[in-house]
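Residues per chain, in single letters:
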Amino acid sequence: MRLVSRSEEDTVKQGELYSAGLKAGDIIGLDGNLGTGKTQFVKGIAKGFRVREIVNSPTFIIVNEYEGHIENRLIKIFHFDLYRLGTPAELGTLGFDEYTGEDSICLIEWPDLAEKYLGKPLKKVKFSYGKGENERIIEINH
Ligand SMILES: Nc1ncnc2c1ncn2[C@@H]1O[C@H](COP(=O)(O)OP(=O)(O)O)[C@@H](O)[C@H]1O
Ligand SMILES: [Mg+2]
């Protein structure tokens, strides 16, 4: 599926719609250059899970944790940004395996090193720039 987003709000809305298809245990890679809307999309996913905390980019701290809801059950949502990570092994040091359990959802910006660490490709959403200043292309193939 290839979506064209024409505003930041549009991308948030697409994230919210996308969240409806997610379930506990999912690990999703968010791929694309800086500024293509990955973090905005995560804001929408968090909205879909009725997260109350403010969603910010975890670029400098690698991972943020949010508490979401699936109906009346709580679910942890981990939001990674691996832009500043050096090697896949650093994920082991961070305790990555503890974040990827069956009772949480993992959303990973810059997922290449996570794929290397896990040794398998992740389900991915791909973001890119469109024509106008505020146009973004969102591709979902799963
Ligand atoms: N259609 C759009 N979708 C998402 N963000 C947009 C869009 N148009 C403009 N923007 C701007 O682009 C930037 C996207 O930032 P962000 O979501 O942090 O990107 P990334 O996480 O991919 O680096 C924001 O400043 C946002 O206001
Ligand atoms: Mg980001």
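Definitions and cut-offs
Residues numbered from 1 in each chain as written. Chains lettered and ligands numbered in written order. Predicted model: local features only at pLDDT ≥ 70, side-chain atom pairs only at ≥ 80, totals over all residues. Heavy atoms only, no water. Helix = DSSP H or I, 4+ residues; strand = E, 2+ residues; numbered from the N terminus. Pairing = 2+ DSSP bridges. Axes fitted to C-alpha atoms, helices over the stretch in contact; angles between N-to-C directions. Contact = heavy atoms within 4.5 Å. Donors = N, O, S within 2.8 Å, 3.2 Å for Na, K, Ca; no water. Buried < 20%, exposed > 50% of the residue type's maximum accessible area, 1.4 Å probe, protein only. Core = buried A, V, L, I, M, F, W, Y, C linked by side-chain atoms within 4.5 Å. Phe/Tyr/Trp six-rings, centres within 6.5 Å; stacked < 30°, edge-to-face > 60°.

(A) Expanded view of the environment of Glu102. Relative to the helices and strands, Glu102 resides in the loop between helix H3 (89–93) and strand S5 (104–109). Glu102 sits 28 residues away from Gly130 along the chain, and the two C-alpha atoms are 36 Å apart.

(B) Just the sheet that holds strand S7 (residues 136–140), in detail. Taken together, seven strands build an open sheet; the order of strands is S1-S7-S6-S2-S5-S4-S3 and the sheet is mixed. Every other strand in the sheet has two partners, leaving strand S1 (2–5) and strand S3 (63–70) as the edge strands with one partner each. Strand-to-strand, the axes of this sheet are offset by a mean angle of 20 degrees, without reference to chain direction. Relative to S7, strand S6 (residues 123–129) runs antiparallel, the two being bridged by five bridges. Note that in S7 the partner of Val125 across the bridge is Ile140. The strands touched by helix H1 (residues 8–19) within the sheet are S1, strand S2 (27–31), S6 and S7, with S1 carrying the most contacts at an inclination of about 145 degrees. With respect to the sheet, helix H2 (residues 38–48) is in contact with S2, strand S4 (73–81), S5, S6 and S7, its orientation differing from that of S5 by roughly 165 degrees.

(C) Main features of the coordination of the magnesium ion (ligand 2). Donor atoms from the polypeptide that coordinate the magnesium ion (ligand 2) comprise Thr39 (OG1) and Glu109 (OE), at 2.1 to 2.2 Å from the metal. One end of the pair, Thr39, is in helix H2; the other, Glu109, is in strand S5, and 70 residues separate them in sequence. Classification of Glu109 by relative accessible area gives buried; the value is 3%.

(D) Structural view of the nonpolar core. Tyr18, Leu22, Leu30, Phe41, Phe49, Leu107 and Val125 are the most contacted members of the largest nonpolar core, which totals 21 residues. At the level of secondary structure, the elements contributing two or more residues to this core comprise S2, H2, S4, S5, S6 and S7. In terms of residues, this core owes the most to one element, H2, which gives four residues. Discounting residues that sit within four places of it in the chain, Phe49 has contacts with Ser19, Leu22, Gly68, His69, Ile70, Ile75, Ile77 and Ile105. Listed in part, the 14 residues of the second largest apolar core include Ile27, Phe80, Phe96 and Leu122.

(E) Structural view of the packing of aromatic side chains. Under the definition given, this model contains seven aromatic pairs. Measuring from centroid to centroid gives 4.7 Å for Phe78 and Tyr99, while their planes differ by 85 degrees, and the two rings are edge-to-face. On the criterion of sequence distance, the pair formed by Phe78 in strand S4 and Tyr99 in the loop between H3 and S5 is long-range, its members being 21 residues apart. Residue Phe78 is classed as buried on the basis of its relative accessible area, which comes to 6%. Note on Phe96 and Tyr117: the rings are 5.7 Å apart at their centroids and 90 degrees apart in plane angle, and the pair reads as edge-to-face. Here Tyr117 lies in helix H4 (residues 112–118) and Phe96 lies in the loop between H3 and S5, a separation of 21 residues in the sequence. Phe96 gets classed as buried once you look at its relative accessible area, which sits at 0%. Given the relative accessible area of 26%, Tyr117 is considered partly exposed. Of the aromatic side chains, those joined through ring pairs into one cluster are Phe78, Phe80, Phe96, Tyr99 and Tyr117.

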